Each structure stands twice: as structure tokens, then as C-alpha cells.
Amino acid sequence: MSAKKTVALILGSGAARGHAHIGVIQAIEERGYEIISISGCSIGAIVGGVFAAGKLPEYREWAESLDRVSVLRLLDMSFLNGGYIKGDRFFEKIQSMIGTPVIESLPIDYTSVAVDLLNQKEFWFQRGDLISAMRASSAIPSIVSPVPLNGRMYVDGGVLNPLPIIPSVPAGADYIIAVDLNGPAEGMLEDVSEATSNAPAWWLNAKGFFAKEKGDDLEEKPKYSPESWGRLQTINMMFETMQESLTQYKLAGYPPDLLISMPKDISGFYEFWRAKELIDFGYEVALKAIDGLESPTSSYFSFPKGY
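Being a predicted model, the structure only gives us computed values, none of them experimental.

Caption draft 1: Representation of empty space enclosed by the protein. Summed over the entire model, instances satisfying the criterion amount to three cavities of 30 Å³ or more. In this structure, the largest cavity occupies an estimated 380 Å³ of space. As for the largest cavity, its lining consists of 28 residues, of which Leu75, Phe90, Ser138, Val144 and Phe272 are closest to the centre. The set of elements that each furnish at least two residues to the lining of the largest cavity consists of α2 (43-52), α3 (56-64), α4 (68-75) and α5 (88-98). The element best represented in the lining of the largest cavity is α4, accounting for three residues. Looking at the lining of the largest cavity residue by residue, the classes come out as 21 nonpolar, five polar and two charged.

Okay, structure coming up:
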């Protein structure tokens, strides 16, 4: 019986779209590949860390149970601290699932990529506390509070490297597969009803940070039109524009064996309640991508263009 082909997996940044990573991992394993290395940035570092800790099924079950109000409560927004999302509740939940492992104890190679803001350098977490490494990598500038560790201040790795391919190279895997969550928009977003009639007052107030409230006028505009953007949505769109450009630069220098490119408009950056839909999408796209990888004429693929 032949040994399984091995994969070094790179999971990019993209907030709620990162739940598509779960479907990609499912597809890779179902097709008989062994993931021996994960490099992740932001939500990619979180999903990758949970997978490396062996708790992805528990995380998936929990993610699929979230609704809009529970997501906002989980984001733990501090209006008294510049409107930052603190993230304490989210990572407390993660810790309740995986405990407090150190990276070097994990059964596969793991790298979380963050940015050392004070020294203006990319930083790779390959040792030490896993929770801290995931948290440092996912502190989106101007949205999530920066993470202080050992005299340094860390923010989202996507500031410099939204698709960290280089850390995966030493693993020596048969294939390097990268999942980019900032691919070209394909007009995939649907108008989703907010259903806020029973929401508490703090939800309605906080929602203004994500989208403007203009009464009946807002209902006449597409949910994702620029006219409806709030402060956080605008900041995030600027951040994603920068990430898309950086990703193309990184891919040009270090192309993987397979690039799975998820449209950046598959969901809003804060729509964590759409986990099941995003997981299913990632799974289906990954299956088709692997078909391409295994084709006798395979060279370099990017999906889901033409999907």
C-alpha cells in the first residue's frame, strides 16, 4: 500500500471567510492526503491552530451554531476603548476547546504569522503558547486590539503577508497548497435580512459600526453597497485592498503547487454566523481544485475561477 501524499497547507487571512478553510481541510483529508504542515495568517492561523491541536470538529460544531446576536456578543466590542473589538470572549472559547498547548508540542509543523508593529517586521510564531500566537496573528488594525507580548506589539500578519507560503517550504511536503481568501470578487454576495426585531438595544447601536443606519432608505440599497458601509466596513475594505495586492506579490515570488482562490465577496468580513455555508463552499471548491491538481496535465491552478 502506497504512503499518503503529503501537503503543506497555507491558510490566508480574511475574517469570516476563513471558515471556508475548514471545508478545504475536510476535502484534502477525504481525498487521502496527509497535512504535515500549516502556515496561517489571521483567521488562517486560528483555523490552522485548532486543526493542529486536533479539535477542528469541535470548533466546526460551535461555529455552525452561531447566530448574529451571539457573534456580536462574542466579538466583545469596547466602545470605551476606541471601538476596538477585544476578542477576549472568542479566545476564551477557543481555549476551552484546545486547552493551552505550546506550538512545539503539536503533532504537525505550525507557523502563525503576525507583524511586530513597533519594529515594523513580519514575525513567525513557531514556538510558545498557541493561543497567544493565534491571537497576535489576528489583531486586525483599527478593528481588533493589538496584542502585547514580551515587550512587543503585534497586529494581523496580513499587514505584510496575508498568504504566508515561505514558512511551509522546509516541511518538504509533496504539495504546497495555498488558500487565498482575497480573490477577485465574483458578485456572489446575497442580500441577507438582519431580522433584528427581537435584538437588544446594544445590538442596534453596535450595528452602526458595521453599516450605516438610515431607516427605510437603507432597505432600498443593496446590503453590501458602499452607501451602506459603516466605519468598520470601510476600514476593512481598505485593509482587504492592501491584502489583495500583497498576495499577488507573494504568489509571484513563491507560487504554490495549487492555489485555491476564494472570492473576497463570498461574505462580509464579520458574518461569522454564515459558517456552515462558507464551510460547504470551501469544501466543494477544494474538491474541484484537487481534481485539477491530480489531472495528468496539471501545472499551476487557481480556483474557483470558472467554478
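Caption draft 2: Examining the pattern of salt bridges more closely. As enumerated under the stated definition, the model contains nine salt bridges in all. Here Arg274 makes a salt bridge to Glu277, at a shortest N to O gap of 2.5 Å. Looking at Arg274, the relative accessible area reads 7%, which means it is buried. With a shortest N-O distance of 2.9 Å, Lys276 and Asp280 are connected by a salt bridge. Of the two residues, Lys276 and Asp280 both sit in helix α10 (residues 275-294), four residues apart, roughly one turn of that helix. Taken together, the salt bridges that share partners define one network made up of Arg31, Asp291 and Glu294.

Caption draft 3: Summary view of the pairing of strand β9 (residues 175-183). Of all nine residues that make up β9, eight are buried, and the element is covered over most of its length. By the bridge criterion, five bridges tie strand β1 (residues 6-11) to β9 in an arrangement that is parallel. Residue pairing across strands places Ala8 opposite Ile176, the latter belonging to β9.

Caption draft 4: How the structure looks around the pairing of strand β8 (residues 152-156). Taken together, the three bridges between strand β5 (residues 109-116) and β8 define a ladder with antiparallel strand orientation. Across the sheet, the residue bridging to Val115 is Val155, located in β8. Sheet analysis places strand β7 (residues 147-149) next to β8, joined by three bridges and oriented antiparallel. Residue pairing across strands places Val147 opposite Tyr154, the latter belonging to β8. Hairpin connection between β7 and β8: a loop of two residues separates the two successive antiparallel strands, and Asn150 in this loop has a positive phi of roughly 50°.

Caption draft 5: Here's a closer look at the environment of Ile143. Topologically, Ile143 is positioned in the loop between α6 (130-137) and β7. Since its relative accessible area comes to 1%, Ile143 is described here as buried. Placed 58 residues apart in sequence, Ile143 and Ile85 show a C-alpha to C-alpha distance of 6.0 Å.

Caption draft 6: Quick peek at the packing of aromatic side chains. Applying the stated rule across the entire model yields eight aromatic pairs. Ring geometry for Tyr33 against Tyr175: centres 6.0 Å apart, planes inclined by 75°, an arrangement best described as edge-to-face. Here Tyr33, found in the loop between α1 (20-30) and β2 (34-41), pairs with Tyr175, found in strand β9; they are 142 residues apart in sequence, far enough to count as distant. Exposure remark for Tyr33: the relative accessible area of 8% places this residue in the buried category. Taken together, the ring pairs connect Tyr59, Trp62, Phe90 and Phe91 into an aromatic cluster.

Caption draft 7: Structural view of the environment of Phe51. Along the chain, the position of Phe51 falls in helix α2. Since its relative accessible area comes to 15%, Phe51 is described here as buried. C-alpha of Phe51 to C-alpha of Ile98: the two residues are 47 residues apart in sequence and 9.6 Å apart in space. Those residues in contact with Phe51, other than ones at most four positions away along the chain, are Ile25, Glu29, Ile35, Ile38, Leu56 and Ile108.

Caption draft 8: Summary view of a nonpolar patch on the surface. Together, Trp124, Ile166 and Tyr254 line one region of the surface with nonpolar side chains, adding up to about 270 Å² of accessible area. Its location among the elements puts Ile166 in the loop between β8 and β9.

Caption draft 9: α5, seen in detail. Looking at α5, one finds that the buried residues are Phe90, Phe91, Ile94, Met97 and Ile98. Down the axis of α5, the sector holding all buried residues measures 110°, keeping them to one side. Projecting away from the buried face of α5 at angles above 90 degrees are the exposed residues Glu92 and Ser96. Its buried side turned inward, α5 meets α2, α3, α4 and α6. Looking one or two residues past α5, Gly99 carries a phi angle of roughly 80°, positive in sign.

Cut-off values and rules
Residues numbered from 1 in each chain as written. Predicted model: local features only at pLDDT ≥ 70, side-chain atom pairs only at ≥ 80, totals over all residues. Heavy atoms only, no water. 1 Å grid on protein atoms, 1.4 Å probe; cavity = no way out; pocket = protein on both sides within 12 Å on 5 of 7 lines; lining within 4 Å. Points joined across faces, edges and corners; volume = space filled by probe spheres on them. Helix = DSSP H or I, 4+ residues; strand = E, 2+ residues; numbered from the N terminus. Nonpolar A, V, L, I, M, F, W, Y, C, P; charged D, E, K, R; others polar. Salt bridge = Lys/Arg side-chain N within 4 Å of Asp/Glu carboxyl O. Buried < 20%, exposed > 50% of the residue type's maximum accessible area, 1.4 Å probe, protein only. Pairing = 2+ DSSP bridges. Phe/Tyr/Trp six-rings, centres within 6.5 Å; stacked < 30°, edge-to-face > 60°. Contact = heavy atoms within 4.5 Å. Patch = residues over 30% accessible without salt bridge, like charges linked within 9 Å, V, L, I, M, F, W, Y side chains within 5 Å. Areas by Shrake-Rupley, 256 points an atom, 1.4 Å probe, with all protein chains shown as cover. Arc of directions from axis to C-beta.

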